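Each chain, letter by letter, is given below.
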Amino acid sequence: MERIKKFTAGPDDAGLRVDRAVLFHVDGVSRALLQKAIREGQLTVNGLPVKPSDALRPGDKVVLRLTPREPLRIEAQELPLEIVYEDDRLIVINKPAGLVVHPGAGVADGTLANALVHHFGRLPGTESLRPGIIHRLDKETSGLLLVTRTEESMQRLSAMFQKREIYKEYVALVYGAMNAPHGIIDRPIGRHPVHRMKMTVHAPRGRESRTEWFVETVYAGLTLLRVVLHTGRTHQIRVHLSAQGRPIVGDTLYGGSRPIRIRQGGAAQTIAPPDRFFLHARRLRFFNPWLNREMEFCAPLPDDLARFLEQLPPPESSAQNRRFKR
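Residues numbered from 1 in each chain as written. Predicted model: local features only at pLDDT ≥ 70, side-chain atom pairs only at ≥ 80, totals over all residues. Heavy atoms only, no water.

A. Focus on unusual backbone geometry. The backbone of N46 shows a phi angle near 55 degrees, a positive value even though the residue is not glycine. Among the structural elements, N46 can be located in the loop between β2 (43-45) and β3 (48-49). In this structure, H235 takes a positive phi of about 60 degrees despite not being glycine. Structurally, the position occupied by H235 is in the loop between β13 (222-229) and α5 (236-243). (Helix = DSSP H or I, 4+ residues; strand = E, 2+ residues; numbered from the N terminus.)

Below you can see the structure in the form of structure tokens.
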């Protein structure tokens, strides 16, 4: 089925190139897909085909038609899965770092979705290459992921995510010290206008995003945080913490790649960040409407991140740490 995306240029779009405006206004459209649509005359302004560099005026009616791709089929692949819980409606998976959740740009197989089809057969959403998947984790983020097994449970749990009725808790190690034991970052997030792989809090049209954090442990120059998501934007925790000047250790995309200087017993030492960024989805909690009870799942810190913490000097027993203890 052909997808049609429409928007009307506003005052902020005046003089903006039409291709850039489309990338601002329309989610899920890559530059390559947009260029193909323009070549085929599927992007129009006020009913007329345009060139990428054409400038918009307020009130212009922009229509993008995306022709359907050939149906794709997700192949079952026997990949290891750590199944934390399953019943006839839902599954909880502990995803390892390095595993992509579903096929996408440049990734055709070897994903969690391929493994789910192998282990559980047909799941809702298989045609969209996202079998049972209602939320995602970045490739290098480990931890708990909720998967649905029926159309009914997909609709019900998706609605619960939208209503923010599912508690999602992460643990993150960041550079620097926080200035309080607890805080909330409430800044809109949108696609970076130039670096399309990145998100930013400075996007002209960001979406509401809210991240809550609590200090767990203070190290020399590093802080371990418990992070609770109240919205679910792409790269949300990574973007919000980086925007606070506290990038996640190991996150090369958002400024977390610098070496770590530690001092122990009077001697200084430099250690490299871990091979992936230090972010782990530790806890999921929600009310199960079919069992009529609350369910909670917890995934301990994976070995690679636990070993990294063991390299650090003991946590500071400072006034700051005592003040932050809850």
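Read on for the rest.
B. Structural detail: the packing of helix α1 (residues 18-25) against helix α2 (residues 31-39). Two elements in contact, α1 and α2, have axes separated by 11 Å at closest approach and are oriented at 130 degrees. Taken together, the axes of α1 and α2 are oblique relative to one another. Viewed along their axes, α1 and α2 form a crossing whose handedness is right-handed. On the side of α1, the interface is formed by D19, V22 and L23, while α2 contributes R31, L34 and I38. (Axes fitted to C-alpha atoms, helices over the stretch in contact; angles between N-to-C directions. Parallel < 35°, antiparallel > 145°, perpendicular 65-115°, else oblique. Left-handed = near helix turned anticlockwise from the far one by under 90°. Contact = heavy atoms within 4.5 Å.)

C. Spatial organisation of the sheet that holds β3. Strand order in the open sheet formed by four strands is β1-β4-β2-β3, and the pairing between neighbours is antiparallel. Taken across any chain shown, the strands that pair with only one partner, and hence form the sheet edges, are β1 (3-8) and β3. Pairing between β2 and β3: two bridges, direction antiparallel. Bridge assignment links V45 to a residue of β3, and that residue is L48. In the packing of α2 onto the sheet, contacts are made with β1, β2 and β4 (61-66), and the angle to β4 comes to roughly 100 degrees. (Pairing = 2+ DSSP bridges.)

D. Structural detail: the packing of aromatic side chains. A full pass over the atoms with the stated rule returns three aromatic pairs. Considering the side-chain rings of Y85 and F297, the 5.4 Å spacing of their centres and the 45 degrees angle between planes classify their relative orientation as tilted. Highlighted residues: Y85 in strand β5 (residues 83-86) and F297 in strand β17 (residues 293-298), separated in sequence by 212 residues. What makes F297 buried here is its relative accessible area of 9%. A network of ring pairs unites the aromatic residues Y85, F286 and F297 as a single cluster. The ring of W290 carries R156 above its face, with NZ or CZ at 5.9 Å from the centroid. Lying over the aromatic face of Y175, R258 brings its terminal NZ or CZ to 4.0 Å of the ring centre. (Phe/Tyr/Trp six-rings, centres within 6.5 Å; stacked < 30°, edge-to-face > 60°. Buried < 20%, exposed > 50% of the residue type's maximum accessible area, 1.4 Å probe, protein only. Lys NZ or Arg CZ within 6 Å of the ring centre and 35° of its normal.)

Read these as geometric descriptors, not functional statements.
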